[in-house]
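Each chain is listed here by its residues.
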There are 2 protein chains.
Amino acid sequence: MKSLLEQCKSLKNASFSLGSLGTKAKNDALLSVAEALANRENQILEANLIDVESAEKSGMKSSLVDRLRLTSERMKDMISGIETVVSLKDPVWNSRDVWTLENGITVSKMSVPMGVISIIYESRPNVTIDAFTLALKSGNAILLRGSSSAINSNKALVEAVKEGLRKSRISPDVIELVEDTDRAVVGELLHMTEYLDLVIPRGGAGLIKYVTENAKVPTIETGVGNCHVFVDESADLHMALAIVENAKIQRPGVCNAIETILVHKSAASQFLPRLKNKIGDRVELRGCERTAAFIDVIPADELDWATEYLDYILAVKIVDSCDEAISHINRYGTKHSESIITNDLANSRKFQRNIDAAAVYVNASTRFTDGGAMGFGAEMGISTQKMHARGPMGLNELVTIKYVMNGDGQIRE
Amino acid sequence: MKSLLEQCKSLKNASFSLGSLGTKAKNDALLSVAEALANRENQILEANLIDVESAEKSGMKSSLVDRLRLTSERMKDMISGIETVVSLKDPVWNSRDVWTLENGITVSKMSVPMGVISIIYESRPNVTIDAFTLALKSGNAILLRGSSSAINSNKALVEAVKEGLRKSRISPDVIELVEDTDRAVVGELLHMTEYLDLVIPRGGAGLIKYVTENAKVPTIETGVGNCHVFVDESADLHMALAIVENAKIQRPGVCNAIETILVHKSAASQFLPRLKNKIGDRVELRGCERTAAFIDVIPADELDWATEYLDYILAVKIVDSCDEAISHINRYGTKHSESIITNDLANSRKFQRNIDAAAVYVNASTRFTDGGAMGFGAEMGISTQKMHARGPMGLNELVTIKYVMNGDGQIRE
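Fair warning: this is a prediction, and the values are worked out from it, not measured in the lab.

Enquirer: Give me the domain arrangement of chain A: which residues, what numbers.
Expert: On domain assignment, one finds that chain A holds domain 1 (4-220 + 393-406) and domain 2 (227-368). Once you take the C-alpha centre of each, domain 1 of chain A and domain 2 of chain A turn out to be 36 Å apart.

The following block contains the structure:
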């Protein structure tokens, strides 16, 4: 077993040649990996069964065991995910900015790979393949650190990837899995500034906080979503109900689901009873004092405004104006996805301009903030910070730029 | 005197309204600031004199005292710098990507301000005005932390800025100067993640290292430049000499000056004596063993390859190939600016593709890597990292993006 430092050095080394490869070499390698995964399905499912059984034995919640489990069906999804990425436009060595300086030097601002990307993630083994696929297509080497509960699955998957790469023009050294499941190794990884260009945490709030607080390697904060819908005075209430139901219930455990709704005081008497009627049997409503005047709710306190429930719970607050809704969201939100339901043009414009978030919606569910839904094909995570990438990180967010300067002897006066 | 926390809260608050202002409001405010600076010239120069005299008394090196000194001429340069930024295109609320999803939601990827930017810098007081100007034009509030040696100058400058803003439509709360000159306050600033969206260190290697190692706020590493020129076998040696001289000597104390040249073994016997002849009287040459076979040099060791001299010293190394030059630069360089002098098309292409740096030149001096020379009008610093911004950071590097999503009731299936 290579040490972490050896893995990092080897990845950095492998990354230098990756950057200049053409699209065909990368796509051929990805298809070869897809084939190796299909060929090794039995071995992979057997390794996964070890993880699943030991997770069950350890008393892991069944919803988490389900995320860990691989099936023939899920293997097929993984492989079709690779095929999707093969079909996407190569994000490397493109430019939309080429200009010539007064002195005749031509400058191209070209997209280039980052180098070595690391991802630290939780139990879902398909992330292993998704992350590798996005990294390779964007010309990056990748260091994977999955959950210890998925270690056998991940080993089998990475072996298959390396087998696929061996049959291609790309070195198997472009992917490494951290096999040491000791937590201390994550701390070590976060300090590998000489070798890692970017580290992305993908998982729960605890993991993300740990990584952003301890990383010396540049990192991107992902995924925590305390999202809101604001039902404005002029909202189409039928539309508002459908959107609130969808954004809360369609998949409550994801980051782009909503946690609080803000209701304009003039819409409250009409909207709240209909809301209670529509979702009250499935969702626990926690309301402010003014809400309690219209419907039965559990009293909400300030902690509710700041909580990402990820559950069948919805906080409800009545506000006096669009401005108050904007202030509330900018104060308690996590800069992920926010939506206004309105027919007031000025308010829609103000909301979209003044809310500080990755995605700001008018008259639509917040559930569309992800790489798949937005047409990116796949994603590495959803950034909730403002540096480098904001929102879903697809292939175009995994590259940096380089100024390519061509002259014929220019010197500076 | 406001506490740092009070300043941060007030800036964050002021930043929310800045983001939706149109270009005219920002330009008018900048011109009003320019006028206030002109009106208060005497007060500012008097305050600066206090700093200069106390710096001289403390025995500060005269080159540093010179950087600290303001004159009527330098005040005019500052003001004309503001006018340049007024003339630049507003970087906010533009999009080059607008598309419509299958379900009819229209997505615009819009440029928006970061929010609150902080800059930590050394003695030059003109940075106070440059940084404010770039921040305001890009819709950001700014927290300034200059050197304690320039505190009186910076106070007077910021007072003038606030006076100018008071006569405009923009709140004077968009700029704050940290007046506490205790170093501990920098540590505190670097942890203000709730209020600061970005912190940029601008100064020597020590400052940059301290900030990047201690910041919890997202930061951009700037300015350290261990840059190279590679004189290839096919180089026009006359051109190579002129470029090496320019890149080393024109201004040796700046980050885009070169520190080491790599010479192809086949060019060494012709090139090295001419180099010695051309710059040997002004520049100390430190060479590898093979170099010493052609010209008198001080022996270079590995430390020389890794050193940013910022002085009249140049390290010289003979290499066997373009590949060796690329490996050397990727190993010892700081990812800033690198140049190949060649007439070999394949080598020029390989060098530009495989060198990992912000700017990679063919047949030109590395001295052009700055915002002014590249046509950005002004810059906040030069990024040597890969996240978010790489190379000179002008107005377009001080913004992030927001996905503006417009629908008519769409929910996720």
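Enquirer: Mind laying out the relation of the copies chain B and chain A, listing which residues take part and the relevant values?
Expert: Mapping chain B onto chain A is achieved by rotating through 180° and translating by 0.0 Å along the same axis, at an RMSD of 0.0 Å. Here the symmetry operator amounts to a two-fold rotation axis. For chain B, the smallest separation between a C-alpha atom and the rotation axis is recorded for histidine 388 of chain B, amounting to 1.7 Å. The overlap is high: 100% of the interface residues of chain B also sit at the interface in chain A, so the same surface is used on both sides.

Enquirer: Lay out the environment of alanine 29 of chain A in plain terms, naming residues and giving numbers.
Expert: Residue and element names in this part refer to chain A. Within the secondary structure layout, alanine 29 lies in helix α2 (residues 23-39). Using a relative accessible area of 0% as the deciding quantity, one classes alanine 29 as buried. Measuring from C-alpha to C-alpha, the distance between alanine 29 and asparagine 277 comes to 54 Å, with 248 residues separating the pair along the chain. Setting aside its immediate chain neighbours within four residues, alanine 29 contacts Leu136, Leu165, Ser168 and Ile170.

Enquirer: Tell me about the pairing of strand β7 (residues 227-231) of chain B, and please be specific about residues and values.
Expert: Residue and element names in this part refer to chain B. In terms of burial, β7 is a largely internal element, five of the five residues being buried. Neither face of β7 is exposed, since Cys227, Val229 and Val231 on one face and His228 and Phe230 on the opposite face are all buried. Relative to strand β8 (residues 258-264), β7 is paired through five bridges, and the arrangement is parallel. Looking at β8, one finds that valine 231 is bridged to valine 263.

Enquirer: Please give an account of the packing of α2 of chain A against helix α7 (residues 151-166) of chain A that cites residues and values.
Expert: Residue and element names in this part refer to chain A. Where α2 meets α7, the closest approach of the two axes is 7 Å, and the angle between their N-to-C directions is 130°. Looking at the two axes, α2 sits oblique to α7. The two elements α2 and α7 meet at a crossing, and its hand is right-handed. Residue-level inspection shows Ala29, Ser32, Val33, Ala36 and Leu37 of α2 in contact with α7, the latter providing Leu157, Ala160, Val161, Glu163, Gly164 and Leu165.

Enquirer: Tell me about the interface of chain B and chain A, residues and numbers included.
Expert: Each side of the interface is counted separately: chain B has 71 residues, and chain A has 71 residues. Taken over both partners, the interface formed by chain B and chain A buries close to 6,000 Å², and the fraction arising from carbon and sulfur atoms is 53%. If you sort the residues of chain B by the area they bury against chain A, Met387, Tyr403 and Arg412 of chain B come out on top, with a joint share of 14%. There are eight salt bridges connecting chain B and chain A. At the surface where chain B touches chain A, the tally comes to 47 residue pairs in polar contact (both at pLDDT 80 or more). Among the elements of the structure, α1 (4-18), β1 (95-100), β2 (106-113), α10 (237-249), α15 (345-354), β13 (359-364), β15 (391-392) and β16 (399-410) of chain B are those that each provide at least two residues to the side of chain B that touches chain A. Per-element tally for the side of chain B that touches chain A: the top contributor is β16 of chain B, with eleven residues. Its residues assigned to classes, the side of chain B that touches chain A shows 33 nonpolar, 20 polar and 18 charged.

Enquirer: Any details on the pattern of salt bridges? Residues and values, ideally.
Expert: Pairs may arise between side chains of opposite charge once their charged atoms sit close together. In this structure the tally under the stated criterion is 56 salt bridges over all chains. The partner of aspartate 197 of chain B in a salt bridge is lysine 386 of chain A, and the shortest N-O contact between them spans 3.1 Å. Note that aspartate 197 of chain B is positioned in the loop between α8 (184-189) and β6 (198-202) and lysine 386 of chain A in the loop between β14 (382-383) and β15 (391-392), a pairing that runs across two chains. The class for aspartate 197 of chain B is buried, based on a relative accessible area of 9%. For the salt bridge of glutamate 56 of chain B with arginine 69 of chain B, the shortest nitrogen-to-oxygen distance reads 3.9 Å. Of this pair, glutamate 56 of chain B sits in helix α3 (residues 41-57) while arginine 69 of chain B sits in the loop between α4 (62-68) and α5 (72-87), placing them 13 residues apart in sequence. Looking at glutamate 56 of chain B, the relative accessible area reads 44%, which means it is partly exposed. Counted as one network, the salt bridges with shared partners bring together Lys12 and Asp197 of chain A together with Asp356, Lys386 and Arg390 of chain B.

Enquirer: Talk me through the sheet that holds β2 of chain B; I want residue IDs and the actual numbers.
Expert: Strand order in this open sheet of ten strands is β10(A)-β9(A)-β11(A)-β8(A)-β7(A)-β12(A)-β13(A)-β16(B)-β2(B)-β1(B), and the pairing throughout is mixed. Edge positions in the sheet fall to β10 (298-299) of chain A together with β1 of chain B, since each of these pairs with one other strand and no more. The sheet contact formed by strand β7 (residues 227-231) of chain A and strand β12 (residues 337-341) of chain A spans four bridges and is parallel. Following the sheet pairing, phenylalanine 230 of chain A is matched in β12 of chain A by isoleucine 340 of chain A. Along the sheet face, helix α11 (residues 265-279) of chain A touches β7, β8 (258-264), β9 (284-287) and β11 (313-319) of chain A and points at about 140° away from the line of β8 of chain A.

Enquirer: An account of the UniProt feature "domain: Aldehyde dehydrogenase" (unreviewed entry) in chain A is requested, with residue identities and associated values reported.
Expert: Residues and elements named next belong to chain A. On the UniProt side, "domain: Aldehyde dehydrogenase" (unreviewed entry) is annotated at positions that read residues 22-279 and 312-377 here. Summarising residues 22-279: 50% helix, 17% strand, and an end-to-end C-alpha distance of 52 Å. Secondary structure content for residues 312-377 is 32% helix and 27% strand, while the C-alpha to C-alpha distance between its ends is 29 Å.

Enquirer: An account of unusual backbone geometry is requested, with residue identities and associated values reported.
Expert: Phi is positive for tryptophan 93 of chain A, close to 60°, though the residue is something other than glycine. Considering the arrangement of structural elements, one finds tryptophan 93 of chain A in the loop between α5 (72-87) and β1 (97-100). Positive phi is not limited to glycine here, since lysine 335 of chain B has a value of about 65°. Here lysine 335 of chain B lies in the loop between α14 (322-332) and β12 (337-341). Overall, lysine 335 of chain B belongs to the partly exposed group, its relative accessible area being 22%.

Enquirer: For the pairing of β16 of chain B, give the residues involved together with the corresponding values.
Expert: Taken across its twelve residues, β16 of chain B has nine buried, putting it largely inside the fold. Where strand β13 (residues 359-364) of chain A lies against β16 of chain B, five bridges are found, and the strand directions are parallel. Following the sheet pairing, alanine 359 of chain A is matched in β16 of chain B by tyrosine 403 of chain B.

Enquirer: Give me the lowdown on the side chain of glutamine 410 of chain B, citing residues and values where you can.
Expert: As for its placement among the helices and strands, glutamine 410 of chain B is situated in strand β16. Glutamine 410 of chain B gets classed as buried once you look at its relative accessible area, which sits at 9%. At 2.6 Å, the side chain of glutamine 410 of chain B forms a polar contact with the backbone nitrogen of aspartate 408 of chain B. Filtering out sequence-adjacent residues up to four positions away, glutamine 410 of chain B remains in contact with Ile243, Asn363, Ala364, Ser365 and Phe368 of chain A together with Asn103, Gly104 and Ile105 of chain B.

Enquirer: Which residues make up the sheet that holds strand β2 (residues 106-113) of chain A, and what are the values?
Expert: Taking strand neighbours across the sheet as the criterion, the ten strands line up as β1(A)-β2(A)-β16(A)-β13(B)-β12(B)-β7(B)-β8(B)-β11(B)-β9(B)-β10(B) in an open arrangement whose pairing is mixed. Pairing within the sheet leaves two strands with one partner each, and these edge strands are β1 of chain A together with β10 (298-299) of chain B. Relative to β2 of chain A, β1 of chain A runs antiparallel, the two sharing four bridges. Looking at the pairing, valine 98 of chain A lines up with serine 108 of chain A of β2 of chain A.

Enquirer: Give me the side chain of serine 383 of chain B: which residues, what numbers.
Expert: All names here are of chain B. Among the structural elements, serine 383 can be located in strand β14 (residues 382-383). Here the side chain of serine 383 touches glutamine 385 through a polar contact of 3.2 Å, landing on its backbone nitrogen. Serine 383 has contacts with Ile220, Glu221, Thr222, Ala358, Ala389, Arg390, Gly391 and Met393, leaving out every residue within four places of it along the chain.

Cut-offs and rules
- Residues numbered from 1 in each chain as written.
- Chains lettered and ligands numbered in written order.
- Predicted model: local features only at pLDDT ≥ 70, side-chain atom pairs only at ≥ 80, totals over all residues.
- Heavy atoms only, no water.
- Domains from an automatic or database assignment.
- Least-squares fit on C-alpha atoms with pLDDT ≥ 70 in both.
- Contact = heavy atoms within 4.5 Å.
- Helix = DSSP H or I, 4+ residues; strand = E, 2+ residues; numbered from the N terminus.
- Buried < 20%, exposed > 50% of the residue type's maximum accessible area, 1.4 Å probe, protein only.
- Pairing = 2+ DSSP bridges.
- Axes fitted to C-alpha atoms, helices over the stretch in contact; angles between N-to-C directions.
- Parallel < 35°, antiparallel > 145°, perpendicular 65-115°, else oblique.
- Left-handed = near helix turned anticlockwise from the far one by under 90°.
- Buried area = accessible area lost by both parts, 1.4 Å probe.
- Salt bridge = Lys/Arg side-chain N within 4 Å of Asp/Glu carboxyl O.
- Polar contact = N/O pair within 3.5 Å; in protein donor to acceptor, adjacent residues only side chain to side chain.
- Nonpolar A, V, L, I, M, F, W, Y, C, P; charged D, E, K, R; others polar.
- UniProt positions renumbered as here; feature names shortened; annotations may be inferred.

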